[in-house]
Amino acid sequence: MTKKIAVLPGDGIGPEVMAEAIKVLDAAQKKFGFSLEYEWADVGGIAIDNHGHALPESTLALCEASDAILFGSVGGPKWESLPPEQQPERAALLPLRKHFDLFCNLRPAKVFPSLAAACPLRPDIVGDGFDILVVRELTSGIYFGQPKGREGSGPDEKAFDTMVYKRSEIERIARMAFEAARVRGKKVTSVDKANVLTTMVLWREVVTGVAADYPDVELGHIYVDNATMQLVRWPQQFDVLLCGNMFGDIISDEAAMLTGSMGMLASASLNADKFGLFEPAGGSAPDIAGQGVANPIAQILSAGMMLRYGLGLEEAAEAIESAVSATLEKNIMTADIAPDRDKSVGTAAMGDAIVAALEEA
Ligand code: NAD
Ligand code: IPM
Ligand code: MN
C-alpha cells in the first residue's frame, strides 16, 4: 500500500537536508518493499514569499490528505521584521502543531559511540554514553495560553504571555512518558518549577497521580534549573525527561548538543491517533544555509521516526538508524561533528554515504 507523505522543506538548511532524507527514504523503500508518494509544498518564509502566508490553505489541505508530514525547518532573518504573528514560526509551525493536536513531542538524544569526541563534556563524564528521551508537551503551556499580547505605551507599556495547563493536558503527556519509559530504562524524571509556578504545582500533582498506574516505572521530580545543570554533570542519570512546552524546548537543545551537534537531534510530534509531523529539533541555521555543509542526520533520523511512529515500519526505521551509525563509524562526518573540519564532508556526501550503508546492510 502506498502512503502519502506531505514534504515541507521550509527555509534555510531545510531544503538541503530534506533532499538527503528523501534519498534515504527512497533507498529504504527499495530495500523493504514499501511505497511512499511524496507531495511537496511551501511552508514558512518561502510560503510567505510565494503565497503571502506562512501556512497556505493548500499546504494545510495537503497535510490533511496525507499519512504523515515530513517537515524541515522554518524562519530566518528575511522574515524577522514582519509582525510577530505573521512570522514563519508563529504563523506556520505552531498552528500546524495545534491544528493536528500534536501534543506529544519525542526527542531522543543518544550519543553514537563514534561521536564521543564531538560531545562537549569531558570523556570521564560522557563515559560510554547516555540515552535520553525528552518527552515534551507541544500544544499548550506558555506557547499557547491566553491572554497573550501587548498594551499601553511609554514606561507602562507591557507585554504578556500566559502559562496555562489543564489537568487533562498534563495527564496525556505524562502517560506518553510512562509508556515510553516502560520499554526503555523504566525511569521518568519530570522537569518542573513547582517551587514558583502554580501551573507546575498542578503538573507535579498530576504526574504523581499518573505514576500510580505505572508501578514498574520509577518517577523522580526535578526543578528545571537543576535539570539543566544535572544534564552536563551526569547525563546518564536520566532515561525519560518529561517536560512542559517551554522547558522541553530548552532542555532538548541542550540534550542535542550533548550528542555532538544540533544537527543530530530528530523529533516526532504525534497526536492521539499517532498521526505525526516529523522534524529536526534544530532550526533553519541561517549561519550555514546555502553552503552545502549542514548535517542532514537529524532530518534523516526524523524520516526514520516517521517510518516507526507514523507508518509502523519498525524494521526500516531501525535500518536507517544502523546506517547512520555505520556511516559515522567510518568517520564520514559533516563539519559540525568531525574531529578535523578539513576532513569533513558536505551535506550531500553525508546523505550518499548513509544511503550506501543502508544498501550494503
Ligand atoms: P538553529 O537551530 O537554526 O541554529 C543554532 C545553531 O545550530 C547554529 O549555529 C546552526 O548552524 C547550528 N545547526 C542547526 N542545525 C544544524 C545542522 N543540521 N547542521 C549543522 N549545524 C546546525 O537555531 P537559531 O539560530 O536559534 O534559529 C534560526 C531560525 O530557525 C530562527 O528563525 C528560528 O526561529 C528557527 N527555528 C525553527 C525551528 C523549526 O522550524 N522547527 C526550530 C528551531 C529554530
Ligand atoms: C523547536 C523550535 C520551535 C519551538 C520554534 C521555532 C517555534 O524551537 O521546535 O524546538 O520553540 O517549539
Ligand atoms: Mn527549539
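Residues numbered from 1 in each chain as written. Chains lettered and ligands numbered in written order. Predicted model: local features only at pLDDT ≥ 70, side-chain atom pairs only at ≥ 80, totals over all residues.

In the nomenclature of an unreviewed UniProt entry, the chain corresponds to 3-isopropylmalate dehydrogenase from the organism Desulfolithobacter dissulfuricans. According to UniProt, the comment filed for the chain under the heading Subunit (unreviewed entry) is "Homodimer." Of the comments in the UniProt record for the chain, the one headed Sequence similarities (unreviewed entry) reads "Belongs to the isocitrate and isopropylmalate dehydrogenases family. LeuB type 1 subfamily." (UniProt positions renumbered as here; feature names shortened; annotations may be inferred.)

Visitor: Tell me about the overall build of the chain, and please be specific about residues and values.
Guide: Of the regular secondary structure elements, the chain holds twelve helices and twelve strands. Scaling as 2.2 N^0.38, a compact globule of 361 residues should have a C-alpha radius of gyration of about 21 Å, and the chain matches this with 20 Å. Overall size of the chain, expressed as C-alpha extent along the three principal axes, is 55 × 50 × 45 Å. In the chain, the proportion of contacts linking residues at least 24 apart, taken out of those at least 6 apart, comes to 75%. (Helix = DSSP H or I, 4+ residues; strand = E, 2+ residues; numbered from the N terminus. Rg over C-alpha atoms; globule rule 2.2 N^0.38 Å. Contact = placed C-beta atoms within 7 Å.)

Visitor: Residues and numbers for the site of ligand 2, please.
Guide: Taken together, Glu89, Leu93, Leu94, Asp249, Ala281 and Gly283 make up the full set of residues near ligand 2. The greatest single-element share of the shell around ligand 2, amounting to three residues, is contributed by helix 4 (residues 88-99). Considered class by class, the residues forming the shell around ligand 2 number three nonpolar, one polar and two charged. (Near = placed C-beta within 6 Å. Nonpolar A, V, L, I, M, F, W, Y, C, P; charged D, E, K, R; others polar.)

Visitor: How would you summarise the domain arrangement of the chain if you had to cite specific residues and measurements?
Guide: Partitioning the chain into structural domains gives domain 1 (1-103 + 268-361) and domain 2 (120-258). On a C-alpha basis, the centres of domain 1 and domain 2 stand 24 Å from each other. Taken residue by residue, the interface counts nine residues in domain 1 and eleven residues in domain 2. Ranked by residues supplied to the side of domain 1 that touches domain 2, first place goes to helix 4 with three residues. Considering only residue class, the side of domain 1 that touches domain 2 consists of four nonpolar, two polar and three charged. (Domains from an automatic or database assignment.)

Visitor: Could you give an account of the site of ligand 1, naming the residues involved and the relevant values?
Guide: Taken together, 23 residues are adjacent to ligand 1, and Gly75, Gly263, Gly282, Gly283 and Asn295 come closest. Class assignment of the residues belonging to the shell around ligand 1 gives a composition of ten nonpolar, nine polar and four charged.

Visitor: Which residues make up the UniProt feature "binding site: Mg(2+)" (unreviewed entry) in the chain, and what values do they have?
Guide: The UniProt record annotates "binding site: Mg(2+)" (unreviewed entry) at Asp225, Asp249 and Asp253. In three dimensions, the annotated residues from a span of 29 residues occupy one location, with a maximal C-alpha spread of 14.5 Å. Structurally, Asp253 is set in helix 9 (residues 245-258).

Visitor: Would you mind going over unusual backbone geometry in detail, with residue names and values included?
Guide: A cis amide bond links Gln146 to the next residue, Pro147, at an omega of 0°. Along the chain, the position of Pro147 falls in the loop between strand 5 (131-137) and strand 6 (149-151). With phi around 55°, Asp101 is a residue other than glycine that occupies positive phi space. Considering the arrangement of structural elements, one finds Asp101 in the loop between helix 4 and strand 4 (104-110).

Visitor: Mind laying out the packing of helix 11 (residues 314-329) against helix 12 (residues 347-360), listing which residues take part and the relevant values?
Guide: At their nearest, the axes of helix 11 and helix 12 sit 8 Å apart, and the two run at 115° to each other. Judged by the sense of rotation from one axis to the other, the crossing of helix 11 with helix 12 is right-handed. Two secondary-structure elements touch here, helix 11 through Ala319, Ile320, Ala323, Val324, Ala326 and Thr327 and helix 12 through Ala353, Ile354, Ala357 and Leu358. Its residues assigned to classes, the contact of helix 11 with helix 12 shows nine nonpolar, one polar and no charged. (Axes fitted to C-alpha atoms, helices over the stretch in contact; angles between N-to-C directions. Left-handed = near helix turned anticlockwise from the far one by under 90°.)

Visitor: Residues and numbers for the UniProt feature "domain: Isopropylmalate dehydrogenase-like" (unreviewed entry) in the chain, please.
Guide: In the numbering used here, UniProt assigns the feature "domain: Isopropylmalate dehydrogenase-like" (unreviewed entry) to residues 4-354. Secondary structure across residues 4-354 comprises 40% helix and 17% strand; the distance between its end C-alpha atoms is 23 Å.

Visitor: Pulling in residues and values, what's your account of the environment of Asp249?
Guide: For Asp249, the position within the fold is in helix 9. Residue Asp249 is classed as partly exposed on the basis of its 18 C-beta neighbours within 10 Å. (Buried ≥ 20, exposed ≤ 12 C-beta atoms within 10 Å, placed from the backbone.)

Visitor: So, the pairing of strand 5: which residues are in play, and what are the values?
Guide: In terms of burial, strand 5 is a largely internal element, six of the seven residues being buried. Where strand 4 meets strand 5, seven bridges bridge the pair, whose relative direction is antiparallel. The partner of Asn105 across the bridge, within strand 5, is Arg136. Bridge count for strand 5 against strand 10 (residues 240-243) is four bridges, and the pairing is parallel. From the neighbouring strand, Arg136 faces strand 10, where its bridge partner is Cys243. (Pairing = 2+ DSSP bridges.)

Visitor: Break down the nonpolar core for me, citing the residues and quoting the values.
Guide: Ranked by size, the top nonpolar core spans 120 residues in total, and within it Val24, Val135, Ala177, Leu242 and Ile320 carry the most contacts. Tallying contributions element by element places helix 10 (residues 297-310) first for this core, with nine residues. (Core = buried A, V, L, I, M, F, W, Y, C linked by C-beta atoms within 7 Å.)

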